[in-house]
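Residues per chain, in single letters:
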Amino acid sequence: MRISILPFKALFFLCLFFLMGCQSNEKPKNFSLPFEKYTLTNGLEVVLHQDHSDPIVAVAIQYHVGSNREKPGKTGFAHFFEHMLFQRSEHLERNAFIAKINDLGGSFNGGTWKDGTIYYEEVPNDALEKILWMESDRMGYFINTITQQGLEREIDVVINEKRQGVDNRPYGHTDGVIYKALYPSGHPYSWTVIGEIADLQSSTVEDVKEFYHHYYAPNNATVVIAGDFKTEEAKAWVEKYFGEIESRNEVEKPEVQIARLENDVRLYHEDKFANMPELTIVYPAPQMYHKDAYALDVLVNLLTQGKKAPLYKEVVEKAKLAPSVSMYNSSMEIAGELTLTVRAFPDKTLDEVYDALQKGMVEFERTGVDPLDLQRIKNMNETSFYNGISSVMGKAFQIASANVFGGSPEMMEYEVEMMNGVTAEDVMRVYQTYIKGKPAVMTSFVPAGKLNQVLTGSVVAAVTEEKLDNQSLKSEAGAIQDDDYELSASQFDRSIEPPLGTLSPMPQPKIWNGVLSNGIKTYGIEQNELPLVYFNLVIPAGSISDMDGKEGVANLTAQLLREGTADKTPEELEDAIKNLGASLNIQARQMHTRISGNCLSKNVPALAALIEEMLLHPRWDEKEFERLKQQNITRLEEQKVQPNVIAQKVFTKLVLGDNAWSASTLGTIESVKQITIEDVQRFYADYYAPARSNLLITGNYSQAETEKAFTSLSTNWKEGDHKAVVLPTLSDAVKGGNLYFVDYPEAKQSVILIGKRAMTRTSPDYYPGVVANYKLGDGSGSDLFRVLRLERGYTYGAYSFFEGQKDFGLFIASSSVQTSVTKEAVEVFREMLTGYGSNYTQEDLETTRNAMMRQQAGNYETINSLLLILNDIVITGLPMDYLKQEEHTLKNITLEEIKAVIAKEINLNDMVVVVVGDAKSQLPRLKDIGLGTPILVEAEK
């Protein structure tokens, strides 16, 4: 699977999602998540959860150490250490961990947040012993292998991660400003998880050793094994591989230190990458497991989520200051934070936003909590509960977090009980306790030169920004030359890699199909583990059919259908969906509009009735239409300062031509302004046709149940006088072999995007191309990742892929690299793409074949992954048995066929190179790399 080591923030929120899933989920009656917990003599806590639904197993190891254990001046070290653990250990040579997991057809990751660090893998079940062997080697036999060169390489990688997630994006420094203001100096939460560049650059080998010896001990960790395994066998392996690792000094549990503010703290920063003002307000809140944390989860939902929410009504509907309002409660181990954020329209001030928020708070005090709204939240939580445990990895995350922070997996049930016990009185009480009249940290991030938008009373924030002239690599480029090291004592020979076990067979999913009475084609895959359903209604009404000069009309049509019906106001429709504990979204894509639903099986008929009402009796609400237009214009404005979006838009126009194929589904700012509600109604009448639509459904629902649930829709949605979809002609691509540069002044990283037009998804060459690309750029085990990240330290990640559509395809290779090595990175891409075919061997093919065959064990695990299979069939026109055909291709493809597809589809001479970065420092350096004179192009205005 395509999983590399995630950015810390992505993993933090992933873990938080599962943890909050426990806090926010109503546990259905008669449901249990059985587990067995025991402790080894060295203090390692082990939790086993069996799930025999699929032949896969997940292992999660969570250490009770996060950035809250760091010392001032050594910020970012916990996350940095997480990276170091992927390098090597005594019985795994450098980067072998990454390579082996990929070769096993598995996925892996690691992540650090304020309170913890987790490492996890998901593999076919015959590889469990191998995973335990590798993880135990990292836990107990790692520290002797640390080298200065390896440390310096990882410093470069982590700093590039910081540039990508913080320094080179709008509003990226917000967290750092808030934490310093919210917490006193030296408080464990007063710095960001990623840390400061100067602190990272000062890290030493001795720092790594000290951190390891203090925190990476078995008595400070929990191992969770979830999935398809034999209990006694797993226990024996855990004892063998982890049992002899010595425990170390007890790690003290951190003390609760809730933030205390005497007065408001108002700060501002002129953000050179932002083009809209953003106000963030953070209130101190209690720690996790505190009784008030659960009521606060409900409170933030009531204040900002949905059309009835008072802050939404004041800011979005009445004052028309912003497209949305967001608020969340983050209950962490030693403190909590209530964070309220509004990114305003470009011409609004944050004083206006603040005033509107205060009016919303007053309105909330006046109206209080509607018991029906409280029940809707609990209905939503039941569906969320099942979504959170729909994969073995999701279960492993929840178990690990509950055990590490709560002392037992049973804390999941405690949290369910606490959440279900929240009353309206509790919600009002925590509002009075933590928000009403309470001091907060308020940050104003505004575009450079727009000080008039700053919240009154704010003072400038101290923000350390990297200067391009100071950029350098800590390490020397090239493969790391490892030193010899002393082997630690062990009761057995750990250098012997355990063999694979017996892999359970994984039959491909059975697909049923049919046709409803009005011509809607139906496709489904049953999976009955959970009472959960996902579905898509795919309608051939995509942006490819947008009217000239009204680009974005398909998108607006889809959005407006979600805003009420003839008999229901937008607010009433939203309530009806929430009453079912369901989610329902409508989104226009290039070739179609997709209505996506997720609900409990018992609620499918009621949700189908709401879809029918939306489709057949739209409200065409004028007020919502104007709001959505402004929202889309704002999104387009935001994209102007997003380097990756800029690169993608320039690239697609170069490769596909300036036509509907390369146009954004959002349209352009000017085209959206021209769209009228009559245009939306006309588009709906022209293209929303049942006979060309498809219904895809997966989960605990049969074909007969599906046909019954959608009988009314099939009866009442009649085929009318609809327009045929006319596909535009693909323009000739620009000549390959040229470099196009987009100036992004003072960018800390350069976005590099290289590619060409390629084969369609149904082409006989497509899947061979996917096989051929696996070694080049498909994930963390690929050549691009290895060279650009692991051997050069230029980037946080580098990848390539084929994207096959029904009517065209693309090949793309990309990375975001440190600005100062832009030239060198482009040269690496050129060399690797040019020589890829001639260097590809039979051994490479066999490694790829084995890994991709083994990946299939996890490809059918979740209900959502099954829905993706049906999407491939319907949207790209693949045959019903395409999985079987691709498996046959994978088993039988030859080296000659691989080399032929590489020569045809991965040919640098046919590709364009797009770079988005700082022209002043980098454009002159790109003139002599063999790609002609760089062509300076402007981003979309």
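In this text the structure is predicted, and so the values were computed from the model without any measurement.

Participant: Is there a simple way to think about the overall build of the protein chain in this case?
Facilitator: Across its full length, the protein chain carries 33 helices and 24 strands. The globule rule puts the C-alpha radius of gyration for 941 residues at 30 Å, and the 28 Å found for the protein chain is close to it. Scored against the burial criterion, the 941 residues of the protein chain give a buried share of 62%. Of the contacts formed within the protein chain by residues at least 6 apart in sequence, a portion of 85% connects residues at least 24 apart. When the accessible surface of the protein chain is summed, it comes to about 35,100 Å², and 49% of that surface belongs to carbon and sulfur atoms. Computing the positive centroid from 93 side-chain charges and the negative centroid from 129, the protein chain places the two 4 Å apart.

Participant: How do you make sense of the pairing of strand 4 (residues 107-112) when you look at a structure like this?
Facilitator: Look at any regular strand and the pattern is simple: side chains alternate between the two faces of the sheet. Of all six residues making up strand 4, six are buried, and the element is well covered by its neighbours. Side chains S107, N109 and G111 of strand 4 all project onto a buried face; the interleaved residues F108, G110 and T112 project onto the opposite face, where all are buried too. Where strand 4 meets strand 5 (residues 117-124), six bridges bridge the pair, whose relative direction is antiparallel. Paired with T112 across the bridge in strand 5 is T117.

Participant: For this particular structure, what's the right way to read the packing of aromatic side chains?
Facilitator: Remark: the centre distance and the inter-plane angle together describe each pair of aromatic rings, the angle taken between the planes. For the coordinates displayed, the defined rule picks out 32 aromatic pairs. Between Y63 and Y119, the ring centres sit 5.9 Å apart and the planes meet at 85 degrees, which makes this aromatic pair edge-to-face. Residue Y63 is found in strand 3 (residues 56-63), and its partner Y119 is found in strand 5; the two are separated by 56 residues along the sequence. Here F785 and Y799 contribute two aromatic rings whose centre-to-centre distance is 6.0 Å and whose plane-to-plane angle is 45 degrees, an arrangement assigned as tilted. Taken as a pair, F785 in helix 27 (residues 783-791) and Y799 in strand 21 (residues 795-804) lie far apart in primary sequence, 14 residues in all. The buried category is assigned to F785, whose relative accessible area is 0%. On the basis of relative accessible area, Y799 is assigned to the partly exposed category, the value being 26%. The side chain of R248 reaches across the aromatic face of Y212, ending 5.0 Å from its centre. Lying across the ring of Y354, R266 places its NZ or CZ 5.0 Å from the centre.

Participant: Where do I start with the sheet that holds strand 20 (residues 749-758) in this structure?
Facilitator: Strand pairs in the sheet, formed through backbone hydrogen bonds, run parallel or antiparallel to each other. One open sheet holds the six strands; their spatial order is 21-22-20-23-19-24, and the pairing between them is mixed. Two strands lie at the open edges of the sheet, namely strand 21 and strand 24 (935-937), each paired on one side alone. If you compare each strand with its neighbour and ignore which way they point, the axes differ by 20 degrees on average. Across five bridges, strand 20 lies against strand 23 (residues 912-917) in antiparallel orientation. In the sheet register, G755 faces strand 23, and the bridge partner there is V912.

Participant: Hey, could you run me through helix 27 in this one?
Facilitator: Side chains that are three or four residues apart share a direction in an α-helix, a result of its 3.6 residues per turn. The element helix 27 is largely enclosed, with a buried count of seven among its nine residues. Every buried residue of helix 27 is listed here: D783, L784, F785, V787, L788, R789 and L790. The residue sitting at the N-terminus of helix 27 and contributing the capping side-chain oxygen is S782; that oxygen lies 3.4 Å from the backbone nitrogen of F785.

Participant: Even after reading the chapter, I still don't get the packing of helix 26 (residues 766-777) against helix 29 (residues 842-859), so can you show me in this structure?
Facilitator: A pair of packed helices is characterised by two quantities: the angle between their axes and the separation of those axes. Their axes nearest at 9 Å, the elements helix 26 and helix 29 cross at an angle of 110 degrees. With respect to their mutual orientation, helix 26 and helix 29 come out roughly perpendicular. Across the interface between the two elements, Y767, V770, V771, Y774 and K775 from helix 26 touch D844, L845, T848, A851, M852 and Q855 from helix 29. Here the residues of the contact of helix 26 with helix 29 sort into seven nonpolar, two polar and two charged.

Participant: How should I be thinking about the nonpolar core in this particular structure?
Facilitator: Counting 73 residues, the largest nonpolar core has L279, I281, L299, V315, L338, L357 and I435 as the members making the most contacts within it. The leading source of residues in this core is helix 14 (residues 392-406), at nine residues. When sequence neighbours within four positions are dropped, the list of residues in contact with V315 reads K320, L321, A322, V325, V342, A356 and L357. Residues V59, I61, I131 and A221 belong to the second largest nonpolar core, which totals 64 residues.

Participant: I keep staring at unusual backbone geometry and nothing clicks. Help me out?
Facilitator: In this structure, W620 takes a positive phi of about 50 degrees despite not being glycine. Tracing the backbone through its elements, the reader meets W620 in the loop between helix 19 (604-616) and helix 20 (622-639). Positive phi, close to 65 degrees, is recorded for E746, a residue that is not glycine.

Participant: Hey, could you run me through the pattern of salt bridges in this one?
Facilitator: Two side chains with opposite charge may pair up if their charged atoms get near one another. Tallied over the entire structure, the rule returns 57 salt bridges. Among the ionic pairs, E121 bridges to R138, the shortest N-O distance being 3.8 Å. In this pair, E121 sits in strand 5 while R138 sits in helix 4 (residues 128-140), placing the two residues 17 residues apart along the sequence. Across the pair, R138 and E121 agree in class, each one buried. Between D783 and K775 there is a salt bridge whose closest N-O contact spans 2.5 Å. Salt bridges here are not isolated pairs; linked through shared partners, they connect K308, D370, D373, R376 and D575.

Participant: How should the packing of helix 3 (residues 96-103) against helix 4 be read in this particular structure?
Facilitator: Running from N to C, helix 3 and helix 4 cross one another at 165 degrees; their axes reach a closest spacing of 12 Å. Comparing their axes, helix 4 and helix 3 come out roughly antiparallel. For the crossing formed where helix 3 meets helix 4, the hand is left-handed. Contacts between helix 3 and helix 4 involve F97, K100 and I101 on the former and, on the latter, I131, W133, M134, E135 and R138. Taken together, the residues that form the contact of helix 3 with helix 4 break down as five nonpolar, no polar and three charged.

Participant: Sorry if this is basic, but what is going on with the sheet that holds strand 10 (residues 336-343) here?
Facilitator: If you trace the six strands from one edge of the open sheet to the other, you get 9-10-8-11-7-12, paired in mixed fashion. Looking at which strands have only one partner, the edges of the open sheet turn out to be strand 9 (326-331) and strand 12 (459-460). Where strand 9 lies against strand 10, six bridges are found, and the strand directions are antiparallel. Considered in strand 10, the bridge of N329 is made with L338. Across the sheet, helix 12 (residues 350-367) lies against strand 7 (265-271), strand 8 (278-285), strand 10 and strand 11 (441-447), angled at about 45 degrees from strand 8, the strand it touches most.

Participant: What is the right way to read the environment of S202 from this model?
Facilitator: Tracing the chain through its elements places S202 in the loop between helix 7 (197-201) and helix 8 (205-215). Taking C-alpha positions, S202 is 55 Å from K550, a pair spaced 348 residues apart along the chain. What S202 contacts, discounting residues up to four positions off in sequence, is G73, K74 and D207. Reaching out from S202, the side chain makes a polar contact with the backbone oxygen of D199 at a distance of 2.8 Å.

Participant: I keep staring at helix 16 (residues 424-434) and nothing clicks. Help me out?
Facilitator: All of the buried residues along helix 16 are A424, V427, V430, Y431 and Y434. Taken around the axis of helix 16, the buried residues stretch over an arc of 130 degrees, which confines them to a single face. On its buried side, helix 16 packs onto strand 8, helix 10 (291-304), strand 10, helix 12 and helix 13 (371-388).

Participant: Please explain the confidence of the model for the protein chain as it appears in this structure.
Facilitator: Looking at the protein chain, pLDDT values average 93 and 96% of them are 70 or higher. Counting contacts from residues 1-30, a segment whose pLDDT is below 50, to residues more than four positions away or on other chains yields 96 contacts.

Participant: Any chance you could explain the environment of F492 here in plain terms?
Facilitator: Tracing the chain through its elements places F492 in the loop between strand 12 and strand 13 (512-515). The partly exposed category is assigned to F492, whose relative accessible area is 22%. Sequence separation between F492 and K240 is 252 residues, and the spatial gap between their C-alpha atoms is 9.0 Å. Here F492 is in contact with K240, Y241 and E244, once residues within four sequence places are set aside.

Cut-offs and rules
Residues numbered from 1 in each chain as written. Predicted model: local features only at pLDDT ≥ 70, side-chain atom pairs only at ≥ 80, totals over all residues. Heavy atoms only, no water. Helix = DSSP H or I, 4+ residues; strand = E, 2+ residues; numbered from the N terminus. Rg over C-alpha atoms; globule rule 2.2 N^0.38 Å. Buried < 20%, exposed > 50% of the residue type's maximum accessible area, 1.4 Å probe, protein only. Contact = heavy atoms within 4.5 Å. Areas by Shrake-Rupley, 256 points an atom, 1.4 Å probe, with all protein chains shown as cover. Lys, Arg positive; Asp, Glu negative; His and termini not counted. Charge placed at Lys NZ, Arg CZ, Asp CG, Glu CD. Pairing = 2+ DSSP bridges. Phe/Tyr/Trp six-rings, centres within 6.5 Å; stacked < 30°, edge-to-face > 60°. Lys NZ or Arg CZ within 6 Å of the ring centre and 35° of its normal. Axes fitted to C-alpha atoms, helices over the stretch in contact; angles between N-to-C directions. Polar contact = N/O pair within 3.5 Å; in protein donor to acceptor, adjacent residues only side chain to side chain. Parallel < 35°, antiparallel > 145°, perpendicular 65-115°, else oblique. Nonpolar A, V, L, I, M, F, W, Y, C, P; charged D, E, K, R; others polar. Core = buried A, V, L, I, M, F, W, Y, C linked by side-chain atoms within 4.5 Å. Salt bridge = Lys/Arg side-chain N within 4 Å of Asp/Glu carboxyl O. Left-handed = near helix turned anticlockwise from the far one by under 90°. Arc of directions from axis to C-beta. pLDDT = per-residue confidence, 0-100.

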